Amino acid sequence: MERDTSNVSLERRAYAIRRNALLMGEVQGQGYIGQALGAADLLAVSYFHALNYRADDPEWEGRDRFLLSIGHYAIALYAAMIEAGILPEAEIETYGMDDSRMPMSGMAAYTPGMEITGGSLGHGLGIAVGIALGLKRKNNPAFVYNMMSDGELGEGSTWEAVMSGVQWKLDNLIAIVDFNDQQADGKTTDALAQVPEAGRWEGFGWFAQEIDGNDMDALVAAFDAARAHSEPVPRVIICQTKMCKGVPFLEEREITHFVRVEPEEWARALTILDEDRPNE
């Protein structure tokens, strides 16, 4: 994969990811659109700036592994993989259908490029630790990225994995936390102790950065710093993102964890997105 170095180019990628997600959401009439729109920028930087992969060979042994711990974010990852050429654009209309390669919750057995079957929150980082340790022992220089949600920070298994990553000096492990402050039952910050998040990870021995996850400059700098960090410790990028980013009338909704959109609103959302399309 040839890296995009222009932020304008990355903005175009993020726009395409948002658009792909909206088109898939329209197929079902509902879904985890808020998360997909909010995470589009960090996915653009992941797939078009940071990750090493071959779109035509998702099983290439030298690839960086991108794990989606949060299985319900699958629509976001499909949107990114379609833009990356790993999945064909023609399959958008099959999203969530019987026999589709893009089920509503991510499943590794169904989808090329889907490294793990996520869903039960708190499992992904532990799997990432195991994969990163395995790559180390095979002298494979690939990185392991684990995209997780702020809701997973309330799972004890997450912090067991955090400690294990430090124990094994996994400097090839990069966690990406999508901190959109939304869970099914309300705000994440109402459920968790409100302490500086980066400091919490640093206390366990990780190299931690906390940034605006919808700021392309900040994302590029953080991903570059995570890969280049010289200490033998795992790394985490905590991305503060806005649910439904890019579609103001959806951003304003009180409940955005699972968005129900009226049939006529899909076209309105796409029109708004297209009006703000980055210049070629």
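Throughout this document, residue positions are counted from 1 along each chain, in the order its sequence is written. Note on the predicted model: pLDDT of at least 70 is required for a residue's local features to be given, and 80 or more for side-chain atom pairs to be given and counted; whole-chain, interface and lining totals, by contrast, use all residues. No hydrogens and no water enter the side-chain calculation; it runs on all heavy atoms of the structure.

1. Some words on helix α3 (residues 74-84)
Let me state the cut-off plainly: Under the scheme applied here, a residue whose accessible area is under 20% of the maximum for its type counts as buried, over 50% as exposed, and between as partly exposed, the area being computed with a 1.4 Å probe on protein chains only. A run of DSSP states H or I qualifies as a helix once it reaches four residues; a run of E qualifies as a strand once it reaches two. Both are numbered from the N-terminal end. Note on contacts: a residue pair is in contact if any heavy atoms of the two residues lie within 4.5 Å.
Burial analysis of α3 places ten of its eleven residues in the buried class, which makes it a mostly covered element. Within α3, the full set of buried residues consists of Ala74, Ile75, Ala76, Leu77, Tyr78, Ala79, Ala80, Met81, Ile82 and Ala84. On the buried face of α3, the contacting elements are α1 (7-28), α2 (33-50) and β2 (65-68). Gly85 lies just past α3 and shows a positive phi near 85°.

2. Remarks on the sheet that holds strand β5 (residues 207-212)
As a reminder, the rule being used: When DSSP locates at least two bridges between a pair of strands, those strands are taken to pair. Interaxial angles span 0 to 180 degrees and are taken between N-to-C directions of axes, which are lines fitted to C-alpha atoms, for helices over the stretch in contact.
Judged by pairing direction, the sheet is parallel, and its five strands sit side by side in the order β2-β3-β4-β6-β5 without closing on themselves. Because the sheet does not close on itself, it has two edges, and the strands there are β2 and β5. On average, each strand axis in the sheet is tilted by 20° relative to the strand beside it, whichever way the strands run. Summarising the sheet, strand β4 (residues 173-179) and strand β6 (residues 235-240) pair through six bridges and their orientation is parallel. Within the sheet, the bridge partner assigned to Ile176 lies in β6 and is Ile237.

3. Considerations on the side chain of His229
Spelled out, the test is: Polar contacts, as used here, are pairs of N or O atoms within 3.5 Å; protein pairs need one atom able to donate a hydrogen and one able to accept it. Residues neighboring in sequence count only if both atoms are side-chain atoms.
By the secondary structure assignment, His229 is in the loop between α8 (216-228) and β6. A polar side-chain atom of His229 sits 3.2 Å from a polar atom in the side chain of Glu231. What His229 contacts, discounting residues up to four positions off in sequence, is Phe207 and Arg235.

4. What to know about a negative patch on the surface
Selection criterion: Surface patches are drawn from residues lacking salt bridges whose relative accessible area is over 30%; two like charges belong together within 9 Å, two nonpolar side chains (Val, Leu, Ile, Met, Phe, Trp, Tyr) within 5 Å. Only the protein chains shown count as cover for residues, and all accessible areas are computed by the Shrake-Rupley method using a 1.4 Å probe. Throughout this description, the term salt bridge denotes a Lys or Arg side-chain nitrogen within 4 Å of a carboxyl oxygen of Asp or Glu. By the counting rule applied here, Lys and Arg register as positive and Asp and Glu as negative, while His and the ends of each chain are not counted. Think of each charge as sitting on NZ of Lys, CZ of Arg, CG of Asp or CD of Glu.
Residues Glu11, Asp212, Asp215 and Asp217 make up a contiguous surface patch of negative charge. Judged by relative accessible area, which is 52%, Asp217 ranks as exposed.

5. Side note on the pattern of salt bridges
Across all of its chains, the model carries ten salt bridges by this definition. One salt bridge in this structure joins Arg18 and Asp41, with 2.7 Å as the shortest N-O distance. A residue pair is termed long-range when its members are at least 10 positions apart, and Arg18 in helix α1 and Asp41 in helix α2 qualify at 23 residues. A relative accessible area of 7% places Arg18 in the buried class. For Arg63, the salt bridge is made with Glu115, and the minimal N-O distance between the two is 2.7 Å. Of this pair, Arg63 sits in the loop between α2 and β2 while Glu115 sits in the loop between α3 and α4 (124-137), and the two are 52 residues apart along the sequence. Arg63 sits in the buried class, given a relative accessible area of 9%. Salt bridges sharing partners connect three or more residues here, namely Glu61, Arg65 and Lys138.

6. Remarks on α1
The α-helix advances 3.6 residues per turn, and as a result positions three or four apart in sequence lie on the same side. To keep it simple, the criterion reads: Helix span is expected to be 1.5 Å times the residue number reduced by one.
A rise of 1.5 Å per residue sets the reference length of α1, with its 22 residues, at 32 Å; its end C-alpha atoms lie 32 Å apart and thus fit the reference within 8%. Of the positions making up α1, those classed as buried are Ser9, Leu10, Ala14, Tyr15, Ala16, Ile17, Arg18, Asn20, Ala21, Leu22, Met24 and Gly25. Looking at the buried positions of α1, the neighbouring elements they touch are β1 (30-31), α2, α3, α8 and α10 (263-275). Positive phi appears at Gly29, one or two residues downstream of α1, with a value of about 85°.

7. Quick notes on unusual backbone geometry
Phi at Asn139 is positive, roughly 60°, even though this residue is not glycine. Along the chain, the position of Asn139 falls in the loop between α4 and β3 (144-149). At Cys244, a position not held by glycine, the phi torsion is positive, near 65°. For Cys244, a relative accessible area of 0% gives the class buried.

8. Side note on the nonpolar core
Taken as a class, soluble globular proteins show a tendency for nonpolar side chains to be buried jointly. The condition that has to hold: By nonpolar core we mean a set of buried residues, namely Ala, Val, Leu, Ile, Met, Phe, Trp, Tyr and Cys, connected to one another through side-chain atoms within 4.5 Å.
Counting residues in each nonpolar core, the largest one holds 65 residues, and the members touching the most others are Leu43 and Tyr47. A per-element tally of this core places α2 first, with twelve residues. Residues Ala175, Phe179, Ala198 and Trp201 belong to the second largest nonpolar core, which totals 26 residues.

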